[in-house]
Amino acid sequence: MRAGESRSEVMMEQLLKNARLTVVVWVVLILSPFMASAGHNYGQALTKSILFFEAQRSGYLPSTQRVTWRGHSGLSDGKSSGVNLVGGYYDAGDNVKFGLPMAFTITMMSWSIVEYHQQLAASGELGHAMDAVKWGTDYLIKAHPQPFVLYGEVGDGNSDHYCWQRPEDMTTDRRAYKIDPNNPGSDLAGETAAAMAAASLVFRRYNPSYANLLLTHARQLFLFADRFRGKYDSSITVAQKYYRSVSGYADELLWASAWLYQATNNQYYLNYLVRNADSMGGTGWSTNEFGWDIKYAGVQVLASKFLMQGKGGRHAAVLQRYQQKAEYFMCSCLGKGTRNVQKTPGGLVYFQRWNNLQFATSASFLSAVYSDYLVSARKNLNCAAGYVQPSQLLSFAQSQVDYILGDNPRATSYMVGYGNNYPRQVHHRGSSIVSIKVNPTFVSCRGGYATWFSRKGNDPNLLMGAIVGGPDAYDNFADERDNYEQTEPATYNNAPLLGVLARLNRGRSGYSQLISADVLVREYVPVQQPQGNAGRASSSALTISQRLTKSWVANGNTYYRYSTIVTNNSLRPAKDIKLWISKLYGPIWGLTKTGESYSFPSWVTSLPAGRSREFVYIHAASPADVSVASYKLV
């Protein structure tokens, strides 16, 4: 207190100072999103997000390991069950390998690469992203030793959560749990089939034999999931407390069939998706949530993609109903639907207080890819509030990513290691305990809690790129290790971000995703022989690809010229080829209409093995829906 001042005067001056400080703080908080929005380094965030997966690795770490504070762990996994289950990923801040979220993580990483492989390559991260996928699929192959056997968990969440140990010191039970015909798990087997099928697309160009191996596992797992139906957590009951399958298994069966169709072009899987659309909820379930448990929105987006690619054919009406549900999801995210997603005052989508950011990253991915699909198909989004430009979906995806990277009321980055203000007391055993390479002294089960968990200092190891659980409904966040609802990371938080960050890093310009993403499928589809001499689009013997070759304006209308290629991928000539074509509004050259179908001119007697034929058409609309009606192999 200065001389001559009363206590009341000093208190009044202090109050005024506090008031001025409060105003300054609120101005900073209000302006901080706009100050930060000058631009994020999406390429840097992409690099960091992939690094997180290396920190989650279990097993023998390779010489190329970049997260050097980690060591080998889980080297006896599966041994007691007579199977090698070394490898894979720890799901979050614990040391358990949970099959359902791990498979979903791999599916979403693969989807990111399928859609944005060009952008990932341009960012210099395609190789690292593929390595991250393969670390997971190598493990899933081991976990599927027989067609109708799949190991879905290694370790027990209860005993694991009783201990706080780095993975290299684990003393907890490493028992392995499986599903089989007597103990089914359609959701687990279905998601794993989806992961294998999606990953096969990733490796189709670079490692065809590995891609074929993944497809073999995917087909077997889908058959297993469909033939022996049941919820996996009724068979692997130790998973119920941690990853209960609340949505059931119908969504995973549809999800797997969609990915197998995407990977093989085998009409059987599209027929399955269409035939079971109503009974399994694909065209009846309106949802604004997408994650490791509930896959309906993902199925609906993939079905919409098939429709906009012109693969609908006679199934177009059902695929349109899938698309209506996909657009329900999109409109809900944009706040333009009939039941909109709740958002925090700062603009983050909000579903639950525990690890809410998993839904923000998955919603941003679906919105980004659907935006690109619409741009490619020259369509707008139809919401209850009216038509919406596809660019608004991409803006929504970017808003969620920007919030995560720091454009929020707290100016906090929820990606560890990105920016200046990010979580430093992460709920993660490995990062919170000194590296075994720095101090090899054994950390005991309960000793880890006493020494490291309760420690208030920053983590000794930086969990680079991890997306933590995130703030509450009011944008509040407490960076405290015991605040597991907000500070625990998870692999499935990061997986969808690979694609979105790669997309944003290459700018806001549009991409022809319906064409570019399909190239990975079309050019490298494996040769398969159909059963019997005739097929009704029931195999991948014949495939169809379309591309826009020219556009022009006449009398105020824009016209498009489309080139359509029919390819015989089989080892025998194909004859009597008939095609279904719908949504054709202009002239066509190279085909003859016979009844309700189209065929090549009479002088084209057959399509030799490995050869292609082209036809073209012109109209003022999106590509027509073209599919194979029937053919014979001779």
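Residues numbered from 1 in each chain as written. Predicted model: local features only at pLDDT ≥ 70, side-chain atom pairs only at ≥ 80, totals over all residues. Heavy atoms only, no water.

Take the sheet that holds strand β10 (residues 588–589) next. Read from one edge of the open sheet, four strands run β7-β8-β13-β10, paired in antiparallel fashion. Every interior strand has two partners, whereas the edge strands, β7 (542–554) and β10, have only one. Direction of pairing for β7 relative to strand β8 (residues 557–568): antiparallel, over a ladder of twelve bridges. Its bridge partner lying in β8, I544 is registered against V566. (Pairing = 2+ DSSP bridges. Helix = DSSP H or I, 4+ residues; strand = E, 2+ residues; numbered from the N terminus.)

As a further point, take the pairing of strand β14 (residues 625–633). By the criterion of burial, β14 is predominantly enclosed, with seven of the nine residues buried. Pairing between strand β9 (residues 574–582) and β14: seven bridges, direction antiparallel. Paired with I581 across the strands is V626, a residue of β14. (Buried < 20%, exposed > 50% of the residue type's maximum accessible area, 1.4 Å probe, protein only.)

Spanning 18 residues, helix α6 (residues 186–203) covers 26 Å between terminal C-alpha atoms, matching the ideal 26 Å at 1.5 Å per step. With 18 of 18 residues buried, α6 is to be regarded as a mostly interior element. (Expected span 1.5 Å × (residues − 1).)

The next subject is the state of the cysteines. The bond known as a disulfide is covalent and runs between the sulfur atoms of two cysteines. Going through the model one piece at a time under the given rule, you end up with two disulfides. For C163, the disulfide goes to C445, at an S-S distance of 1.9 Å. Judged by the torsion about the S-S bond (-85 degrees), the C163/C445 disulfide is left-handed. In this pair, C163 sits in the loop between α5 (157–162) and β3 (176–179) while C445 sits in the loop between α16 (429–432) and α17 (447–453), placing the two residues 282 residues apart along the sequence. A relative accessible area of 13% means that C445 is categorised as buried. Shown here is the disulfide that connects C331 with C383, its sulfur atoms set 2.0 Å apart. On the sign convention where negative is left-handed, the bridge of C331 and C383, at about -90 degrees about the S-S bond, is left-handed. (Disulfide = S-S within 2.5 Å.)

Before going further, it helps to examine the sheet that holds β3. Spatial strand order, β1-β2-β3: three strands in an open sheet with antiparallel pairing. In this open sheet, the two strands that pair with only one neighbour each are β1 (97–98) and β3. Pairing of β1 with strand β2 (residues 150–154) involves two bridges; the strand directions are antiparallel. For K97, the partnering residue across the bridge sits in β2 and is V154.

Counting residues in hydrophobic clusters, the biggest one holds 155 residues, and the most contacted among them are W111, Y370 and L381. In contact with L381, not counting residues within four places along its chain, are E327, M330, C331, L334, Y370, L374, G386, Y387, V388 and L393. Grouped together as the second largest cluster of nonpolar side chains are 22 residues, V566, A624, V628 and L633 included. (Core = buried A, V, L, I, M, F, W, Y, C linked by side-chain atoms within 4.5 Å. Contact = heavy atoms within 4.5 Å.)

For the structure shown, the criterion picks out 17 salt bridges. Put simply, R166 and D169 hold a salt bridge, and the shortest N to O gap is 2.5 Å. Residue classification places R166 among the buried residues on the basis of a relative accessible area of 1%. Residue K295 pairs with E252 through a salt bridge whose shortest N-O separation is 2.9 Å. (Salt bridge = Lys/Arg side-chain N within 4 Å of Asp/Glu carboxyl O.)

When two helices pack together, their arrangement is given by the angle between their axes and by how far apart the axes lie. Contact geometry for α6 and helix α10 (residues 250–264): axes closest at 8 Å, N-to-C directions at 20 degrees. When the axis of α6 is compared with that of α10, the two are roughly parallel. Our pair here, α6 against α10, has a crossing hand that is left-handed. Contact residues: α6 offers S186, D187, G190, E191, A193, A194, A197, A198, S200 and L201, while α10 offers E252, W255, A256, W259, L260, Q262 and A263. (Axes fitted to C-alpha atoms, helices over the stretch in contact; angles between N-to-C directions. Parallel < 35°, antiparallel > 145°, perpendicular 65-115°, else oblique. Left-handed = near helix turned anticlockwise from the far one by under 90°.)

With that settled, consider the side chain of N569. Mapped onto the fold, N569 is located in the loop between β8 and β9. Owing to a relative accessible area of 15%, N569 belongs among the buried residues under this scheme. Within the structure, N569 has its side chain in polar contact with the side chain of T543 (distance 3.0 Å). (Polar contact = N/O pair within 3.5 Å; in protein donor to acceptor, adjacent residues only side chain to side chain.)

Now for the layout of surface pockets. Roughly 860 Å³ of volume is contained in the largest pocket. Around the largest pocket, the lining comprises 34 residues; the ones closest to its centre are K241, Y242, Y243, W354 and Y492. The set of elements that each furnish at least two residues to the lining of the largest pocket consists of α9 (240–243), α14 (357–377) and α18 (484–487). The element that contributes the greatest number of residues to the lining of the largest pocket is α9, accounting for four residues. Tallied by class, residues from the lining of the largest pocket come to 15 nonpolar, nine polar and ten charged. For the lining of the second largest pocket, the element with the highest residue contribution is helix α13 (residues 316–334), accounting for eight residues. Of the residues belonging to the lining of the second largest pocket, the class tally is eleven nonpolar, nine polar and six charged. Counting residues domain by domain, the lining of the second largest pocket receives three or more from each of domain 1 (42–506) and domain 2 (542–633). (1 Å grid on protein atoms, 1.4 Å probe; cavity = no way out; pocket = protein on both sides within 12 Å on 5 of 7 lines; lining within 4 Å. Points joined across faces, edges and corners; volume = space filled by probe spheres on them. Nonpolar A, V, L, I, M, F, W, Y, C, P; charged D, E, K, R; others polar. Domains from an automatic or database assignment.)

Under the local residue numbering, the UniProt record ascribes the feature "active site" (unreviewed entry) to H427, D479 and E488. The largest pairwise C-alpha distance within this set of annotated residues, which runs over 62 residues, is 10.2 Å, so the set is compact in three dimensions. In the annotation above, H427 and E488 are the residues that line the largest pocket. Checked against the element boundaries, H427 lands in the loop between α15 (390–405) and α16. Ignoring any residue separated from it by four or fewer positions in sequence, one finds H427 in contact with G93, W164, F453, R481, D482, Y484, T487, E488 and P489. Of note is the side chain of H427, whose polar atom sits 2.7 Å from the backbone oxygen of R481. Residue position: D479 is located in the loop between α17 and α18. (UniProt positions renumbered as here; feature names shortened; annotations may be inferred.)

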